[in-house]
Amino acid sequence: MINLIYLILPGVLGVIALYLKDVTHSNIPSKSISYTAMGATLLLLLLGTIFGFSGFNLAISKAIDLSISFNLNGISLPFLFLAVLMPMLVLPSFKYDVFDKKLTFNVLFLVIYVSIISMFMSSNLLSLFIFMEISLLSAFFAIFLWGNESSFNSAMKFLIFTQISSMLILTAFLMVFLYTGSFELTSIGAFTHSANSIYLSTVFMLVLVAAIIKFPVFPLHAWMPGAYYDSATSITALLSGLFSKIGGYILLLFILFITPISASYFSMPVMILAVISAFYAAFIALSKKDLKMMFSYSSMLYMSLALMGIMSNNAIGIDGGIFLMISYGFISPLAFMLTGYLRSQTGTTDMTKVGGLMKKVPTFALFFFIVVFASIGVPGFSNFIGEFLVFLGVFKFYPLIIISIVSMLIATGYYLSAVKRIVFEKFFAPVKNLHDLSKSELIQTVALSFVIIILGIMPYILINSINLGVV
Amino acid sequence: MINAQYILIVGALLVPLVDLLRRELNVKATKIINYLTLSILLLSFIFEVLFGNIQSTLFNSVDYSYFINSFILLLSTLIFSFMLLHFEKLDTYIDVFFIITVLGATLMVISSNFLSLIISLEMMSIPSYALVLIVKDKKHLEGTFKYLFISMLSIAFLVFGSSLIFLSSGSLSFSSLSTVNYLLFLPGIAIVLAGIAYEATLVPFHSWAPDTYDAADSTVTAFLSSVPKAAGLIVIVHIFTYAFPLAEEFMLVTLMILAMATIIVPSIIAISQSKLKRMLIYSSIAQSGFAFVGVSLLSTISVYSAVFYVFAFATADALVFLSLSMLESRGVYLISDLGKAKNLGMVPVLGLSLGLLSLAGFPPTIGFFGKLLIFMSLIFQGYVWVVIVLIAVLLFSTFYYYNVFRNMYRRKYFLTKFVPIKSDIRWALKEAIIIILMAIVFAGVALISAA
Amino acid sequence: MMLYLILLPMLISMTLTAFLKDKLVRSRLIAVSMTSLSLLISSVFFYVYFSKDLIENFSWFNIETYTFQISFIANNLHLLMAVVVSFISLLILIFSVFYMRREKQEKYYFEMSLFIFAMLGLVVSNSFILFYIFWELMSISSYLLIGFWYEKEAASKAAKKALILTKVGDVSLLTAIIILFANTGTLSISATLSGLSSIPQVYLTVSAALFIIAALSKSAQFPFYVWLPDAMEAPTTVSALLHSATMVASGAFLLIMIAPLMYVSGTMVYLVLISLITIFISSLLALESVDTKRILAYSTIDSLAFMFLAVATLNPDGALFYLIMHAVFKSLLFLLAGELIILFGTRNIFKLRGLEIGKPIFYVPAFIGLASLAGIPPFLGFFAHATLSYNFSISIELIFMVATFLTSLFSFRLFFTVYHKNGTEKIREDKFAIIPIATLSILSTVGGASLFFFNSIIPIAYSFDLFLVLDSIIALLGLFAAYYFYSNRDFPYAKLDKKLKSIFRGVTYDDVLASTGTAITKFSGLVDRFEGALGEAFDSVGSLSFSLSYISRELQSGDLSNYIVIFIAGAILVMILMLVGV
């Protein structure tokens with residue numbers, strides 16, 4: 001039995017090790033320390049799935065029911081899997097943008113890593129909130145310290161929007177505490193699960209708005225284009241692959257355990273909003289000439305679809321939404337990593353300035369195809385399962401909403417246009433000498449593709465770990 | 001049962017005597033006196049921790065007074081040691097005044113009678129005028145004068161208000177406040193509030209603060225914005241818990257309006273400040289507003305949350321201003337200077353950052369927990385709209401706090417790794433103090449239980 | 001009994017060609033051998049399960065009470081298709097050895113293996129989701145293969161067009177599957193078909209309509225037919241396999257397979273209409289094309305429309321027979337076109353005419369193929385027409401005869417234009433080219449006899465009635481007309497095709513597609529600008545706070561008397577508030 005606290009130990013030790021390295025001026029590369037820490041966590045996670053996990057509980061203050069308690073609930077595992085595995089595969093991309101303060105970068109990276117893992121494991125809402133805030137603060141610094149020139153404004157917008165959502169979440173948590181007298185998920189669930197009142201509906205609405213900001217979903221997504229675009233490649237990958245799931249996770253906690261009845265009242269309006277958001281994002285992605293922008297809005301599209309699935313009030317839709325979130329959590333890092341590679345090689349991510357890359361850098365083209373096919377839902381890749389389940393769930397809820405499937409057509413449109421622009425036809429680029437993917441890049445892309453394909457072929461790995469009834 | 005106050009009184013008498021002796025013996029080193037003072041402060045802290053309880057007619061320790069007094073004494077010790085390190089030469093009378101101010105502050109916290117309140121308030125504020133004037137130049141004089149004037153005005157109010165209360169309740173003791181004749185009592189209490197509020201920098205009684213805090217040396221600002229403010233707020237808590245054991249709706253509205261004004265107005269002004277110190281001052285003023293929210297709710301939870309919040313922001317303010325002092329010696333005055341100046345030193349920068357994070361309310365600093373408790377008490381009493389307004393202001397303030405970060409961590413100057421300043425014992429010791437404060441800010445969560 | 005074994009060799013082929021360099025192991029060797037293996041296994045299964053039905057279910061994953069199953073089916077229909085698909089694929093791969101020898105081997109054979117894998121999987125699927133998976137994989141492999149010569153802008157554009165248009169069909173298919181699954185709780189095709197009565201009529205109609213759309217898009221029927229002619233950018237072997245014999249036929253196959261559903265949905269009359277429109281458009285477009293492959297592409301669209309017509313007239317088995325036979329002669333024709341391209345370097349029928357290719361070795365197989373296409377006895381097509389037209393009403397028969405005339409006309413236009421005189425050049429024949437062509441030619445000649453045996457495999461009805469006789473006469477008429485019009489190009493009627501070209505320029509509706517594309521782009525640009533405005537709205541909130549701040553600074557004036565005033569005013573205010581509160 002692996003105690004859940006062990007999952008964050010390597011990360012914490014990693015931060016301490018990094019500090020020591022700085023103090024002793026040792027020559028060990030910071031990234032090695034990070035990799036070791038993350039690898040150890042992954043190993044522990046795997047061991048845990050085999051042998052089982054045990055909970056951890058450390059009470060800090062009884063007065064306000066604050067304790068660090070780690071316990072797995074029915075939906076923790078998929079998110080944990082994403083949070084533990086993905087950052088490790090994203091870190092190598094730091095070489096595109098992080099030229100100085102490497103140590104600080106690794107420290108921030110590990111802090112984000114540990115805080116998000118802790119967040120997904122927390123069964124005490126207050127400590128969950130604290131871990132979330134720590135990760136957001138670190139994200140703020142990560143965005144602006146290594147981003148491009150306008151990164152401060154984008155980081156600021158990110159901070160303010162997510163602060164609003166955090167405050168909403170905090171208010172909701174406090175209201176729940178007032179209602180039930182506890183921050184502990186298990187006790188709350190028992191109390192509120194079958195309860196139905198305006199009070200609880202207000203709580204749910206607060207969380208809903210917060211999630212809309214965090215995913216992001218139209219119309220509260222204004223922070224996203226700047227934050228995704230101006231950040232360093234690895235940070236954008238983290239934002240889109242990991243941070244966007246936080247809102248969904250908290251929303252799920254409320255839908256499944258805390259306020260299921262209230263949540264069902266909101267299903268219809270939210271679904272309509274999600275459909276609008278999906279089409280909105282798809283059309284904007286279609287109009288974008290920059291690859292990174294296109295991927296950013298594409299990410300928003302899939303998150304809207306995931307929201308649709310989550311709110312569909314049936315198990316298939318919810319499982320589908322979760323699956324789609326996790327699946328895209330691996331696809332988008334791959335996508336952004338490729339844009340980072342492109343920029344490092346050609347100096348631009350503008351699709352009108354490069355073309356015919358298949359000729360010069362076929363390996364890049366191969367993985368670009370994988371990203372495209374995986375995203376549009378070609379079977380064999382994980383997104384297909386997610387999309388299929390989401391649309392099925394949505395249809396069961398209200399048939400007409402299936403119209404959202406047309407957004408997939410638009411997605412095919414812009415993805416194929418991207419392929420045509422930069423992969424096919426004659427080669428041209430600002431820089432003539434292009435190197436194909438290097439070894440470290442290759443390891444990243446192969447690993448990510450591997451996960452995407454395995455999830456696509458054997459979805460039960462993830463689906464069996466989701467247990468919608470267990471708190 | 002030796003209480004801290006006895007030690008301080010003894011110290012207040014002892015130090016001038018020793019100094020007199022020194023002068024007679026023509027010993028030049030004033031450092032002795034400084035160290036003597038320091039040890040007195042330290043001793044008093046220790047004794048407070050050990051024997052914190054006083055029960056008498058004039059002074060009455062409540063459960064949180066022990067906590068606050070220990071904290072005040074610790075903070076004073078730290079700030080004083082910092083001052084020693086900072087100033088080349090500290091006049092000996094400053095030492096005495098410092099002791100008296102601290103004594104006044106601790107007495108204020110445990111006052112249970114209007115008479116003791118007035119005396120301790122005077123004891124606390126009069127010497128502090130001199131503290132502002134450590135450096136004798138025109139700017140400091142202006143600050144001192146404004147402080148002096150408003151202070152005089154306030155104390156007059158306080159005395160007058162107390163007399164009204166005496167008229168209405170027949171006693172000067174706090175405990176008799178619950179049985180009163182309202183008509184006389186209300187104006188009385190309002191005037192009393194006006195009288196104390198200046199020290200706690202509540203709007204609209206705060207106008208002296210930006211100028212005075214700005215004029216004073218940053219170390220003194222650190223002291224002024226933490227200890228007297230804390231004492232002022234605590235004593236208001238004290239008065240109101242006695243005066244209104246049952247939370248009265250109308251009182252609440254009035255106090256809440258005051259609190260909101262205190263939070264909102266300085267926060268707005270702070271955004272456009274380009275001088276770092278002034279921005280921090282405005283944020284500090286806003287912080288008292290937050291604590292005051294807890295006071296205005298007048299429930300058990302909110303009182304404790306107010307107390308904890310006072311602890312939180314006082315520590316953070318001290319941390320921030322002390323770090324600022326170190327940064328100023330490196331030439332940082334404007335916020336943009338943070339980006340330009342080189343070799344700032346890792347510790348002050350981190351200290352400032354951590355302090356700002358605490359003021360902004362980010363976990364896991366005590367500032368976050370303070371705000372959390374305040375929010376909790378608000379929600380428990382159903383004042384959700386207030387929460388919303390507070391959140392909006394918080395977001396406002398996020399901007400100016402993080403603006404500092406932007407300048408601090410601007411890429412170019414982070415590149416030059418913080419070269420440790422050539423061994424300067426004083427600098428290193430100052431850093432140590434800052435580190436202690438940082439630790440409190442970070443790990444003070446545990447003290448929630450104490451509150 | 002492990003039906004997936006049919007697919008396994010192709011999977012091995014995919015893996016090996018993907019990872020092994022051609023220098024190490026010849027990709028073509030892998031592909032050909034593995035396909036032969038698939039053929040062998042399919043034949044074995046066909047023999048073993050003759051007239052038996054077997055369904056195998058595997059549970060893929062489940063969510064609460066729903067099980068998502070993978071299901072394979074072994075019965076005559078499906079196994080026969082498997083045999084046919086693997087056989088034709090094998091012949092075409094053998095031809096590829098000759099045709100593609102100067103191209104990138106690993107890529108080609110990998111993509112072809114992927115396709116064959118998908119097609120084989122499709123024909124033995126009994127689970128809708130599995131069917132969809134293979135359907136989608138076929139779209140992808142088609143996309144990759146059309147874009148094989150990606151450096152040509154035409155190829156790149158054609159690939160994109162093909163995938164987008166077929167994606168419309170894919171989306172329809174997926175929606176239909178979702179509708180059915182939501183109503184029946186099972187993904188099994190056989191189970192759904194037997195439980196049709198439990199599904200509300202509205203959903204039956206909607207899903208049938210969606211299935212039709214999917215089939216129309218995959219089989220390049222009206223209004224989706226525009227992708228197929230452009231898809232001729234692909235290597236000819238690809239055209240032979242995908243775009244004539246197998247992939248495009250899968251649309252028809254889909255409808256054949258779920259025929260029971262189609263027939264209770266009441267949509268068949270529309271299908272008849274669409275098929276007839278398609279027939280006429282494609283025939284006329286074939287008449288004005290000057291590119292061998294384009295003519296063949298239009299002829300494929302034409303033939304597929306025949307199949308749809310059969311399905312629409314409640315004769316799915318007749319459609320199936322035609323499908324199989326069509327695969328034989330159409331792939332033959334494409335291989336011939338490919339041979340001409342490799343040997344003579346052009347697809348333009350007039351240029352080929354100029355090269356004077358008159359040798360029997362060229363025109364005999366061509367004649368056989370085209371005659372089959374036209375429906376001239378005793379070739380394959382004639383027998384196929386017999387069963388195809390079994391359920392035709394009089395009106396349809398009349399229209400069909402016109403269609404036959406047109407088909408015959410454009411087929412032999414091709415023949416007489418290209419094969420004109422006999423030049424005296426020596427051409428070296430490659431054995432890899434000869435074998436498939438010869439095989440297919442022979443099959444096209446004698447294969448018609450299988451009609452009589454076919455009944456034991458799948459019950460089909462055929463009649464050699466008056467209609468058929470008339471039909472074959474008309475086909476012959478077409479042949480003679482073509483000879484008359486086209487064999488001597490100086491004849492004034494030879495200019496006919498140029499006239500037709502100008503009339504039917506619009507029918508390819510490329511302009512419509514282009515303007516739709518522009519409209520969508522403009523719309524998305526609008527949305528983008530809205531997005532920008534939204535962002536600015538949020539930004540302005542930020543600048544608002546700055547202005548507010550500058551204004552409020554005035555409060556802190558530095559003037560002591562001001563402060564005192566504020567102080568006293570504040571004190572009074574507090575007093576008033578308190579008093580008022582009471």
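Just so you know, these numbers come straight off a predicted model, no measurement behind them.

> Give me the overall build of chain C: which residues, what numbers.
When its secondary structure is counted, chain C shows 25 helices and 2 strands. Taken over C-alpha atoms, the radius of gyration comes to 31 Å for chain C, far larger than the 25 Å a tight globule of 582 residues would show. For chain C, the C-alpha atoms occupy an extent of roughly 115 × 60 × 60 Å along the three principal directions. Residue pairs at least 24 apart in sequence account for 81% of intrachain contacts in chain C once pairs closer than 6 positions are excluded. Of the roughly 21,800 Å² that chain C leaves accessible, carbon and sulfur atoms contribute 70%. If you average the places of the 36 positive and of the 35 negative side-chain charges in chain C, the two averages end up 11 Å apart.

> Could you give me a rundown of the overall build of chain A, with the residues and numbers involved?
Each helix and strand counted, chain A has 19 helices and 4 strands in total. Relative to the compact-globule value of 23 Å for 471 residues, chain A shows a C-alpha radius of gyration of 21 Å, a close match. Seen through its principal axes, chain A has C-alpha atoms that stretch 65 × 65 × 45 Å. The buried share among the 471 residues of chain A stands at 71%. Nonlocal contacts in chain A, meaning residues at least 24 apart in sequence, comprise 81% of its contacts between residues at least 6 apart. Total accessible area computed for chain A in this model is approximately 13,200 Å², and 70% of it derives from carbon and sulfur atoms.

> Summarise the domain arrangement of chain C; cite the residues concerned and give the values.
The domain boundaries assigned to chain C delineate domain 1 (269–493) and domain 2 (515–580). Here the C-alpha centroids of domain 1 of chain C and domain 2 of chain C sit 76 Å apart.

> Just give me the short version of the interface of chain C and chain A, but keep the residues and values in it.
Chain C puts 50 residues into the contact, and the matching count from chain A is 53 residues. Interface area, chain C with chain A, both sides summed: about 4,700 Å², of which 76% is carbon and sulfur. Applying the counting rule to chain C against chain A returns 1 salt bridge. The partner of A:Lys288 in a salt bridge is C:Asp528, with the nearest N and O atoms 3.0 Å apart. At the boundary of chain C with chain A, the tally comes to 8 residue pairs in polar contact (both at pLDDT 80 or more). Broken down by secondary-structure element, the contributors of at least two residues to the side of chain C that touches chain A are β1 (54–63), β2 (66–74), α5 (128–146), α6 (153–184) and α24 (510–552) of chain C. Element by element, the count of residues in the side of chain C that touches chain A is highest for α6(C), at 16 residues.

> Let's hear about the interface of chain B and chain C: which residues, and what values?
With 39 residues of chain B at the interface, the matching set in chain C holds 25 residues. Of all residues in chain B, B:Ser207, B:Thr254 and B:Ser272 give up the largest surface area on contact with chain C, accounting jointly for 17% of the area buried on that side. Scanning the region where chain B abuts chain C turns up 0 salt bridges. In this assembly, chain B and chain C are joined by 1 residue pair in polar contact (both at pLDDT 80 or more).

> Residue-level account of the packing of helix α15 (residues 316–344) of chain C against helix α21 (residues 450–457) of chain C, with values.
Residues and elements named next belong to chain C. Taken N-terminus to C-terminus, the directions of α15 and α21 make an angle of 130°; their axes are 12 Å apart at the nearest point. Between α15 and α21, the angle is such that the two are oblique. Note that α15 runs across α21; the crossing there is right-handed. Packed against α15, whose contacting residues are Phe321, Ile324 and Met325, the element α21 presents Ser450, Leu451 and Phe454 at the interface.

> Account for helix α13 (residues 315–346) of chain A, with residues named and values stated.
Residues and elements named next belong to chain A. If you check α13, its first and last C-alpha atoms are 46 Å apart, about what 32 residues at 1.5 Å a residue would give, namely 46 Å. Across the 32 residues that make up α13, a large majority, 30, are buried. Between the side-chain oxygen of the N-cap and the backbone nitrogen of Ile316 there are 3.1 Å, and the N-cap of α13 in question is Asn314. Residue Gly347 follows α13 closely and has a positive phi angle near 85°.

> Provide a residue-level description of the nonpolar core, including the pertinent values.
Soluble globular proteins tend to pack their nonpolar side chains together in the buried interior. If you look at the biggest cluster of nonpolar residues, it comprises 607 residues, and the most contacted ones within it are A:Phe368, A:Phe388, B:Leu378 and C:Phe211. Looking at which domains feed residues into this core, each of domain 1 (269–493) and domain 2 (515–580) of chain C supplies at least three. Leaving out residues up to four positions away in the same chain, C:Phe211 has contacts with C:Phe128, C:Leu173, C:Ala176, C:Leu180, C:Leu254, C:Leu255, C:Ile258, C:Leu261 and C:Met262.

> Tell me what's going on with the pattern of salt bridges, and back it up with residues and numbers.
Tallied over the full model, the rule gives 16 salt bridges over all chains. One network of salt bridges, in which partners are shared, links B:Glu142, B:Lys146, B:Asp211, B:Asp214, B:Lys275 and B:Arg278.

> Could you give an account of a nonpolar patch on the surface, naming the residues involved and the relevant values?
On the surface, A:Tyr6, A:Leu9, A:Val12, A:Leu13, A:Ile16, A:Tyr19, A:Leu20 and A:Val23 cluster together to form a nonpolar patch covering roughly 750 Å² of accessible area. Positionally, A:Ile16 belongs in helix α1 (residues 9–24).

> Could you give an account of the packing of helix α6 (residues 151–180) of chain A against helix α10 (residues 233–258) of chain A, naming the residues involved and the relevant values?
All names here are of chain A. Between α6 and α10, the least distance of the axes is 13 Å, while the angle of their chain directions is 20°. As the angle between them shows, α6 and α10 are arranged roughly parallel. Relative to α10, α6 is oriented so that their crossing is left-handed. When α6 is examined against α10, the residues Phe158, Ile169, Phe173 and Val176 are found in contact with a partner set consisting of Leu239, Ile250, Phe254 and Ile258. Class assignment of the residues belonging to the contact of α6 with α10 gives a composition of 8 nonpolar, no polar and no charged.

> How would you explain helix α7 (residues 185–192) of chain A if you had to name every residue and give the values?
Residues and elements named next belong to chain A. Buried residues of α7: Leu185, Ile188, Gly189 and Thr192, and no others. Buried residues of α7, seen end-on, are gathered within an arc of 100° and therefore sit on one face of the element. In α7, the exposed positions that point more than 90 degrees away from the buried face belong to Ala190 and Phe191. Tucked into the core, α7 has its buried residues touching α5 (125–146), α6, α8 (198–214) and α10.

Quick notes on the rules
Residues numbered from 1 in each chain as written. Chains lettered and ligands numbered in written order. Predicted model: local features only at pLDDT ≥ 70, side-chain atom pairs only at ≥ 80, totals over all residues. Heavy atoms only, no water. Helix = DSSP H or I, 4+ residues; strand = E, 2+ residues; numbered from the N terminus. Rg over C-alpha atoms; globule rule 2.2 N^0.38 Å. Contact = heavy atoms within 4.5 Å. Areas by Shrake-Rupley, 256 points an atom, 1.4 Å probe, with all protein chains shown as cover. Lys, Arg positive; Asp, Glu negative; His and termini not counted. Charge placed at Lys NZ, Arg CZ, Asp CG, Glu CD. Buried < 20%, exposed > 50% of the residue type's maximum accessible area, 1.4 Å probe, protein only. Domains from an automatic or database assignment. Buried area = accessible area lost by both parts, 1.4 Å probe. Salt bridge = Lys/Arg side-chain N within 4 Å of Asp/Glu carboxyl O. Polar contact = N/O pair within 3.5 Å; in protein donor to acceptor, adjacent residues only side chain to side chain. Axes fitted to C-alpha atoms, helices over the stretch in contact; angles between N-to-C directions. Parallel < 35°, antiparallel > 145°, perpendicular 65-115°, else oblique. Left-handed = near helix turned anticlockwise from the far one by under 90°. Expected span 1.5 Å × (residues − 1). Core = buried A, V, L, I, M, F, W, Y, C linked by side-chain atoms within 4.5 Å. Patch = residues over 30% accessible without salt bridge, like charges linked within 9 Å, V, L, I, M, F, W, Y side chains within 5 Å. Nonpolar A, V, L, I, M, F, W, Y, C, P; charged D, E, K, R; others polar. Arc of directions from axis to C-beta.

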